[in-house]
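Chain by chain, the residues:
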Amino acid sequence: MSARERGGSGSLADLLCERGIVDEAERQALSARTPGPWWLMLLQALAAWFASLLIVSALVLPVIGLGSAGAGVVGGALCIAAVALCRRGGLFADQMGLALSLAGQGLLVWTAGEWFGPDAWRRMAGVAVLASGAMLLPRASRLHRVVCALLLSVALGVLIGSGVAGEAFGVALMAAAVLACITRERWAAQPWSGLAGALGLAFGLAALVLPPMLMRARTAFVFEGADYHSPMIGLAAGAALVSIALLGYLLRAASPASRLAACGFALLWALVFHTAPGLIVAVGLFMAAFQASQRTLAGFALLAAVLYVGEFYYLLDVSLLHKSVLLVLGGAALLALRAWVLRIEAGART
């Protein structure tokens, strides 16, 4: 029986059954896992979050009078319940598990703040690192793991600080995301591939938003007249080195002279835009994500690159005419580099 005779749905499970890849029982199992219409999925997600809000409100409000100890116990119980729900699977259970997980981790961090005092941000960040890291390990949906990995990245950033160590942390996040992209074929079939993929995506997203956060943190705290408006040279240099290493890896099939010329060209481009380290990070992540077919990270990296170009253009350090010329030259250089790479690939195939 063809897909049209079964109702004309033409789903992937029906096509696999027609071509003899799966049998009828496997087709029915695959069809049962197929998500429903988008509006039904949206309603289930909203219902899960509404139910989670009611549950959290019913548990948290009575224990507030018991002090931080009661809130910590409730937070741990919510995290355990979230793990149990995520193990069940399904859209409703996954969304409810995510909501309970966020509420539980928030209660644990709030409890740490009550114990350590209002100014103990780093101790609270340490508790957040432990909580989000622990919630990453159990089997859960991709969304839950990505959110927990993002929380882990934020907590680590608070723990490290906004100085030179913060810039090094941004370079490490970018390098980890790039490494996860270029080695995707090696770990995609491993049992821990879900955790690795979530960490790679979360680290890439965190690297994209870290430059403005570092700049905002620097301008918020001025010590002894230091110039915190200066460009983040460490982040720009580290991101440029990661991007150049990535370009050399992508052109590994080309001749050594071509690889050296392309890397030198990329270095000159990075020197031109050294005052916009976020742009260098975004371009490097886009190259890695595009090569690995990571559409989510590639889309966010492309959006971030556009935003960083706008920020670079309207930053009042030099004239707009000067920056316009730099942007035109940078765009032309990237197009020339693209044409050169395509020519090298065509020559390697022939």
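Owing to the predicted nature of the structure, the values given are computational and were not obtained by experimental measurement. (Residues numbered from 1 in each chain as written. Predicted model: local features only at pLDDT ≥ 70, side-chain atom pairs only at ≥ 80, totals over all residues. Heavy atoms only, no water.)

Caption draft 1: Up close: the packing of aromatic side chains. Enumeration over the complete set of coordinates arrives at one aromatic pair. Seen from the ring of tyrosine 249, arginine 252 lies directly overhead, with NZ or CZ sitting 4.2 Å from the centre. (Phe/Tyr/Trp six-rings, centres within 6.5 Å; stacked < 30°, edge-to-face > 60°. Lys NZ or Arg CZ within 6 Å of the ring centre and 35° of its normal.)

Caption draft 2: Molecular detail of the side chain of arginine 145. When you line up the elements, arginine 145 lands in helix H7 (residues 142-160). It turns out arginine 145 is buried and unbridged, and the closest side chain with the opposite charge, aspartate 94, is 10 Å from it. What arginine 145 contacts, discounting residues up to four positions off in sequence, is Leu136, Leu137, Pro138, Arg139, Ala140, Gly194, Leu195 and Ala198. (Helix = DSSP H or I, 4+ residues; strand = E, 2+ residues; numbered from the N terminus. Buried < 20%, exposed > 50% of the residue type's maximum accessible area, 1.4 Å probe, protein only. Lys, Arg positive; Asp, Glu negative; His and termini not counted. Salt bridge = Lys/Arg side-chain N within 4 Å of Asp/Glu carboxyl O. Contact = heavy atoms within 4.5 Å.)

Caption draft 3: Molecular detail of empty space enclosed by the protein. Overall, the coordinates contain two cavities of 30 Å³ or more when judged by the stated rule. Of the voids in this model, the largest cavity is the one considered here, and its volume is about 70 Å³. If you trace the largest cavity, you find it lined by Arg142, Ala177, Ala180, Cys181, Trp187, Ala196, Gly197, Gly200, Leu201, Gln294 and Leu297. Where the lining of the largest cavity is concerned, the elements lending two or more residues are helix H8 (164-182) and helix H10 (193-220). In terms of residue count, the dominant contributor to the lining of the largest cavity is H10 (four residues). If you add up the space inside the second largest cavity, you get close to 30 Å³. Considering the residues around the second largest cavity, the lining is formed by Val83, Cys86, Met135, Pro138, Arg139, Ala140 and His144. Taken together, the residues of the lining of the second largest cavity sort by class into five nonpolar, one polar and one charged. (1 Å grid on protein atoms, 1.4 Å probe; cavity = no way out; pocket = protein on both sides within 12 Å on 5 of 7 lines; lining within 4 Å. Points joined across faces, edges and corners; volume = space filled by probe spheres on them. Nonpolar A, V, L, I, M, F, W, Y, C, P; charged D, E, K, R; others polar.)

Caption draft 4: Layout of the layout of surface pockets. What the largest pocket holds in volume is close to 1000 Å³. Taken together, 32 residues form the lining of the largest pocket, with Val283, Phe286, Met287, Leu334 and Arg338 sitting closest to its centre. Contributing elements (two or more residues each) for the lining of the largest pocket: helix H11 (233-250), helix H12 (256-272), helix H13 (277-291), helix H14 (295-314) and helix H15 (320-349). Ranked by residues supplied to the lining of the largest pocket, first place goes to H15 with 10 residues. For the lining of the largest pocket, the class distribution of residues is 25 nonpolar, five polar and two charged. In this structure, the second largest pocket occupies an estimated 530 Å³ of space. Along the wall of the second largest pocket there are 19 residues; nearest its centre are Gly157, Val158, Gly161, Ser162 and Ala217. Elements that contribute at least two residues to the lining of the second largest pocket include exactly helix H6 (121-136), H7, H8 and H10.

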